[in-house]
Amino acid sequence: MAESSRFDHDLVLAHKFPETTYTYTERDAAVYALGVGACGRNAIDSDELKYVYHEDGQQFVQVLPTFSALFSLGSLTNGSIDLPGLQYDPRLLLHGQQYIQIYKPFPSSASVINKVSLAGLHDKGKAAILELETKSYEKESGELLCMNRSTIFLRGAGGFSNSSHPYSYSNYPKNQAPALKIPKSQPFAVFEDCTQPSQALLYRLSGDYNPLHSDPMIAEVAGFSRPILHGLCSLGFAVRAIIKCICRGDANIIKTISGRFLLHVYPGETLITEMWLQGLRVIYQAKVKERNQAVLSGFVDLHHLTSSLQLKYSSRQETQEFHPREAVGAEAQ
Ligand SMILES: CCCCCCCCCCCCC/C=C/C(=O)SCCNC(=O)CCNC(=O)[C@H](O)C(C)(C)COP(=O)(O)OP(=O)(O)OC[C@H]1O[C@@H](n2cnc3c(N)ncnc32)[C@H](O)[C@@H]1OP(=O)(O)O
């Protein structure tokens, strides 16, 4: 039942998002990889060059798993979402979380059919939280490639329901959004990476045109001193760090990615990603070095460990937790 003129429960739940098709080429995959910092420190890094260039031709470039978060962005209107029955100020929208399940490695080019549905809506008083799920199918084979669930934090849009029983609707299993505890132990690996002052301007070319990331006036209205980095760009940096340090360059062992955006990042800031290995789960946290603040945390689930990690830590695997004496990767501390 409607509790406020800004919210119509029936209208929201009845809304059918149109099916969309997203076609990408090897060039899109490479532009995306550059947008999340691949080869930003080293243009001949063999772990990362494969996302941008292949000696046998561009059709052999590989695609980062986080690229899939872009598949349904074409359905956004100027970077925000039209949802009949829920009114909010699009200038106050922030990306809250992203959850990605990967079912098979992405081809270097493809047409993808996206089916978007409402996965959740919650009244948090000062904000409304909207969750949208996108299932993406390869057009040619009809196979399910991935599922993305985006949580959108709509500042100022809460308080639309009875505060003693705030509205909360969710249609997915709770274990897909577990509460995350960052271990107190020393991280397994640490990776430091600089974002560029132009990072958001480059990243937006991959299809996320919300002016919060490019327009100083809009950023100011949203409460920031200047345009901020896309949450999905920070996530791309963190997952790249995990691919490098834990997956030893093999992104295909990634099954699930989850991230919560804790605080904004300004383009040009340095991201330090700390990683802890717990069985096949990598818990991670990214901090902005200049402000010493955590900006992103989450987990990445792997199909298996790389053989070099397995050999090294097989004796400790029984405990499902590793307390490494050394961190991996040239940049680890
Ligand atoms: C049409 C179909 C389209 C389909 C495609 C969908 C794609 C969707 C992509 C959308 C992308 C849009 C444009 C992109 C925008 C951006 O990238 S913005 C940049 C990235 N994001 C950020 O920088 C946000 C950083 N985080 C913060 O600033 C803060 O965490 C916050 C979000 C402002 C919340 O802080 P605060 O107000 O202090 O919240 P709390 O008081 O702590 O908590 C209140 C409740 O909200 C829950 N919560 C808190 N943070 C989050 C979060 N990040 N995500 C989800 N939920 C959050 C928290 O748990 C509290 O709830 P309860 O525990 O129940 O009380």
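Note that the structure is predicted; figures quoted are calculated from it, not measured. The residue numbering used here restarts from 1 in each chain and proceeds along that chain's sequence as written. Under the rules for a predicted model, residues below a pLDDT of 70 receive no local features and side-chain atom pairs below 80 are neither given nor counted, while totals for whole chains, interfaces and linings still include all residues. Note that the side-chain values use all heavy atoms of the structure and ignore hydrogens as well as water.

Around the ligand lies a shell of 31 residues, among which H95, K124, K126, G231 and F261 are the nearest. The contact in question runs from an oxygen atom of the ligand to an N or O atom on the side chain of K126, over 2.7 Å. At 3.1 Å, a backbone N or O of L262 approaches an oxygen atom of the ligand. Strands here are runs of E lasting at least two residues and helices are runs of H or I lasting at least four, both read from the DSSP assignment and numbered beginning at the N terminus. Elements supplying a minimum of two residues to the shell around the ligand: β2 (93-102), β5 (144-155) and β8 (254-261). By convention in this text, a residue qualifies as near a molecule or strand provided that one of its non-hydrogen atoms is within 4 Å of it. Polar contacts, as used here, are pairs of N or O atoms within 3.5 Å; protein pairs need one atom able to donate a hydrogen and one able to accept it. Residues neighboring in sequence count only if both atoms are side-chain atoms.

Residue-level pLDDT values for the protein chain average 91, and 92% of them are 70 or greater. A residue's pLDDT is simply how confident the predictor is in it, with values from 0 to 100. In this analysis, two residues are considered to be in contact whenever any of their non-hydrogen atoms come within 4.5 Å of each other. For residues 317-333, every residue scores under 50 in pLDDT, and the model assigns this stretch 41 contacts once sequence neighbours within four places are set aside. Across the whole predicted complex the pTM is 0.93, and at the interface the ipTM reaches 0.98.

It is worth spelling out the pairing of strand β4 (residues 127-138) at this point. Note on exposure labels: buried denotes an accessible area under 20% of the residue type's maximum, exposed denotes more than 50%, and partly exposed covers the range between, all computed with a 1.4 Å probe on protein chains only. Burial analysis of β4 places 10 of its 12 residues in the buried class, the great majority of the element. Strand pairing requires that DSSP identify at least two bridges connecting the strands. Counted between consecutive antiparallel strands, the loop separating strand β3 (residues 110-123) from β4 contains 3 residues, among which G125 sits at a positive phi close to 80°. Looking at chain direction, β4 and β5 are connected through 11 bridges and run antiparallel. Across the sheet, residue L132 finds its bridge partner in β5, namely S150. Linkage of β4 to β5, two consecutive antiparallel strands, is achieved through a turn of 5 residues, within which G142 is found at a positive phi near 80°.

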